[in-house]
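Understanding the architecture of this molecule
Residue-level listing of the chains:
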Amino acid sequence: LFPGTLGASLLGKALQDGLWRLETIDIRSFGLGKHRQVDDTPTGGGAGMVLKPDVVDKAIRFAQRDAHGPWPIIYFTPRGRPMTQALAQQLSEGPGATLLCGRFEGLDERVIQRHNMLEVSLGDFVMTVRTAHQGTSSRSVAGVCQRAHGPDRRPTALGRAHHRRKRREQGLDP
């Protein structure tokens, strides 16, 4: 799924040029047992399956190994804070983020609290293909953050391309 469309546009060029970084981590590699199980029935019952808290905890610790300072962990869920341009701006001004894409009924609340996760929603809807939703959420957030300006107020990947085009239109660059 990754980088998918993120690798086939100006964002892909910026990724190749090292202007931003993307690392995908397969949570199943932290799974338990012979079949690398990552899900379990909800504590206290209920429908569906949830991601196992110990598996998610190990995966997050691994993902955060290179974090410099406070690095937000975003968990995509319909109950989360809406993704807005203001949130994208805030994220783009930081050192990075870890995006957790669940594909089950949810995640143990203790893990969310322990890692102080920011719960984010792209909207109040359910897609037919859960895998597509996971990729859509993370690609959307990565794309919108790359479009926002960074802490030095210089344009990021898309902004630089726009700036170059404008300078050419004004006859300032070849």
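None of the values given here were measured: they were computed from a predicted structure.

Some words on the overall build of the protein chain
- Helix and strand counts for the protein chain stand at 6 helices and 6 strands.
- Listing each helix as α and each strand as β along the protein chain from the N terminus yields α-β-β-α-β-α-β-β-α-β-α-α.
- Long-range contacts, defined as pairs at least 24 residues apart, comprise 67% of the intrachain contacts of the protein chain with a sequence gap of at least 6.
- Carbon and sulfur atoms form 52% of the exposed surface of the protein chain, whose accessible area is close to 10700 Å².

Quick look at the sheet that holds strand β6 (residues 118-121)
- Reading across from one edge, β4-β3-β6 is the order of the 3 strands in this open sheet, with parallel pairing throughout. Only two strands of the sheet have a single neighbouring strand rather than two, namely β4 (98-100) and β6. Taking the axes of each pair of neighbouring strands and ignoring which way they run, one obtains an average angle of 50 degrees across the sheet.
- As paired elements, strand β3 (residues 73-82) and β6 share 5 bridges and run parallel to each other.

Things to note about the pattern of salt bridges
- Counting across every chain of the model gives 6 salt bridges.
- Taking the shortest distance from any N to any O, the salt bridge between R65 and E23 comes out at 2.7 Å. In this pair, R65 is assigned in the loop between α2 (53-63) and β3 and E23 in the loop between α1 (10-16) and β1 (39-40), connecting sequence segments 42 residues apart.
- It is possible to trace a salt-bridge network through shared partners that takes in D57, R61 and R114.

A look at the confidence of the model for the protein chain
- For the protein chain, mean pLDDT is 75; residues scoring 70 or higher make up 70% of the total.
- The low-confidence segment residues 150-155 (pLDDT under 50) makes 11 contacts with residues lying over four places distant or belonging to another chain.

A word on helix α3 (residues 85-92)
- All of the buried residues along α3 are L87, A88, L91 and S92. Each buried residue of α3 lies within a common arc of 135 degrees when the element is viewed along its axis, so the set occupies one face.

Considering the side chain of T77
- Tracing the backbone through its elements, the reader meets T77 in strand β3.
- Residue classification places T77 among the buried residues on the basis of a relative accessible area of 12%.
- The residues contacting T77, other than those within four sequence positions of it, are E119, V120 and S121.

What counts and how
Residues numbered from 1 in each chain as written. Predicted model: local features only at pLDDT ≥ 70, side-chain atom pairs only at ≥ 80, totals over all residues. Heavy atoms only, no water. Helix = DSSP H or I, 4+ residues; strand = E, 2+ residues; numbered from the N terminus. Contact = heavy atoms within 4.5 Å. Areas by Shrake-Rupley, 256 points an atom, 1.4 Å probe, with all protein chains shown as cover. Pairing = 2+ DSSP bridges. Axes fitted to C-alpha atoms, helices over the stretch in contact; angles between N-to-C directions. Salt bridge = Lys/Arg side-chain N within 4 Å of Asp/Glu carboxyl O. pLDDT = per-residue confidence, 0-100. Buried < 20%, exposed > 50% of the residue type's maximum accessible area, 1.4 Å probe, protein only. Arc of directions from axis to C-beta.

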